[in-house]
Amino acid sequence: MRRFAQAIAEPESVPDGLPRELATAVAAAPDRYNIGKGSTASVLARNADGELIVTDMVWGLVPRWSKTPDTPYTTVTARLDRAPGSRIFAKAWAERPCVIPMTGYYKLDRQRRPPWPQFVQRRDGLALLAAGIWEHWEDGDGHAMDSFSVLTAPNRAIPEPLTPDGPVFLSAELALAWLSGAANTPASLRVRSPALEAYPVGRAFRDLKRDDYTLLEPVDPDVETTSPPPVDGDGDGWDEDS
């Protein structure tokens, strides 16, 4: 998983179970159709007073002990089973759970030649709630940043021929339990995913400067394969993983 979208039109598009004020805040967040490494996204988390809020964070967790506001490795995702014991992610796992609302995410169909992107979303049209962890980084000069990773694990709900691995999706009730610390083990988050569907989209989203609703429009790959690929110079490692 290297790109996802957040374009949630109304509170009713958020799964039942979240407090109304949170669902309203999720729907009021800016529409973003092409969130990649280093992009800003809306995240559900607890503030210093323990209140649940929707706030902006940077995608790609930067550990608090990092000397710079970036990392030489990819931290946009963290494996569910490994995160609690990871030097990079353990502190965030123990102290800073978060939830990332999504319209859906882009994933490569590697059965096609060339591999072709599909957009994965809930079959019922509601928003997805992905489990994540976040961290606060700052230096001695007053620079500060909040950043996050999306937890990933095997997911049989991802439709074939896409590989059955992706974000850990939660019900609204489990999302609240994760945010409160009541669900705090990999096993507690390893539950059945909502039903998913996928359809082919164009390759234009690989240009991180593109950010509009047309990126989600379905295409016919057999027609689109004749067009040149877009610029792909953001260094997000899209070709390294689906």
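Here goes a summary of the coordinates provided. (Residues numbered from 1 in each chain as written. Predicted model: local features only at pLDDT ≥ 70, side-chain atom pairs only at ≥ 80, totals over all residues. Heavy atoms only, no water.)

Okay, the overall build of the chain next. Assigned secondary structure in the chain consists of five helices and twelve strands. In terms of overall dimensions, the chain is globule-like: its C-alpha atoms have a radius of gyration of 17 Å, near the 18 Å expected for 242 residues. If one aligns the C-alpha atoms of the chain with their principal axes, the spans along those axes are about 55 × 40 × 30 Å. Looking at the 242 residues of the chain, the share that counts as buried comes to 49%. Within the chain, residue pairs in contact and separated by at least 24 positions form 68% of the contacts whose partners lie at least 6 positions apart. (Helix = DSSP H or I, 4+ residues; strand = E, 2+ residues; numbered from the N terminus. Rg over C-alpha atoms; globule rule 2.2 N^0.38 Å. Buried < 20%, exposed > 50% of the residue type's maximum accessible area, 1.4 Å probe, protein only. Contact = heavy atoms within 4.5 Å.)

Under the criterion given, the structure shown has twelve salt bridges. With a closest N to O distance of 2.7 Å, Asp222 and Arg112 form a salt bridge. Linking Asp222 in helix H5 (residues 221–224) with Arg112 in the loop between strand E7 (104–109) and strand E8 (116–122), this pair joins segments that are 110 residues apart in sequence. On the basis of relative accessible area, Asp222 is assigned to the exposed category, the value being 56%. Ionic pairing is found between Arg210 and Asp212, a salt bridge with its closest N-O pair at 3.2 Å. Residue classification places Arg210 among the partly exposed residues on the basis of a relative accessible area of 31%. Residue classification places Asp212 among the partly exposed residues on the basis of a relative accessible area of 23%. (Salt bridge = Lys/Arg side-chain N within 4 Å of Asp/Glu carboxyl O.)

What follows concerns the side chain of Gln121. As for its position among the elements, Gln121 is in strand E8. Excluding its chain neighbours within four sequence positions, the residues that come into contact with Gln121 are Thr103, Gly104, Leu128, Ala195, Leu196, Glu197 and Tyr199.

Evaluation of the coordinates by the stated rule reveals one cavity of 30 Å³ or more. Along its surface, the largest cavity is lined by Gln6, Ala7, Ile8, Val26, Ala27, Ala29, Pro30, Asp31, Ser42 and Pro101. Tallied by class, residues from the lining of the largest cavity come to seven nonpolar, two polar and one charged. (1 Å grid on protein atoms, 1.4 Å probe; cavity = no way out; pocket = protein on both sides within 12 Å on 5 of 7 lines; lining within 4 Å. Points joined across faces, edges and corners; volume = space filled by probe spheres on them. Nonpolar A, V, L, I, M, F, W, Y, C, P; charged D, E, K, R; others polar.)

What follows concerns the packing of aromatic side chains. Summed over all chains, the structure comprises seven aromatic pairs. Pairing Trp59 with Phe148 gives two aromatic rings, centres 6.3 Å apart and planes at 15°, and the pair type is stacked. Of this pair, Trp59 sits in strand E4 (residues 52–59) while Phe148 sits in strand E10 (residues 144–154); the two residues are 89 residues apart in sequence, bridging distant segments of the chain. Look at Trp59 and you get buried, because its relative accessible area is 1%. Aromatic rings pair up to connect Tyr106, Phe119, Tyr199 and Phe205 into one cluster. Above the face of the Trp134 ring, Arg96 is positioned so that its terminal group lies 5.1 Å from the ring centre. (Phe/Tyr/Trp six-rings, centres within 6.5 Å; stacked < 30°, edge-to-face > 60°. Lys NZ or Arg CZ within 6 Å of the ring centre and 35° of its normal.)

Let us look at the nonpolar core. Looking at soluble globular proteins, one finds that nonpolar side chains tend to be buried together. If you look at the biggest cluster of nonpolar residues, it comprises 32 residues, and the most contacted ones within it are Ile133, Leu151, Leu170, Trp178 and Leu189. No other element matches helix H3 (residues 172–180), which puts six residues into this core. Listed in part, the 23 residues of the second largest apolar core include Ala45, Met57, Val120 and Leu128. (Core = buried A, V, L, I, M, F, W, Y, C linked by side-chain atoms within 4.5 Å.)

Turning our attention to the side chain of Ser147. Along the chain, the position of Ser147 falls in strand E10. Owing to a relative accessible area of 0%, Ser147 belongs among the buried residues under this scheme. Within polar-contact distance, the side chain of Ser147 engages the backbone nitrogen of Val62 at 2.8 Å. What Ser147 contacts, discounting residues up to four positions off in sequence, is Met57, Val58, Gly60, Leu61, Val62, Ile133, Trp134 and Glu135. (Polar contact = N/O pair within 3.5 Å; in protein donor to acceptor, adjacent residues only side chain to side chain.)

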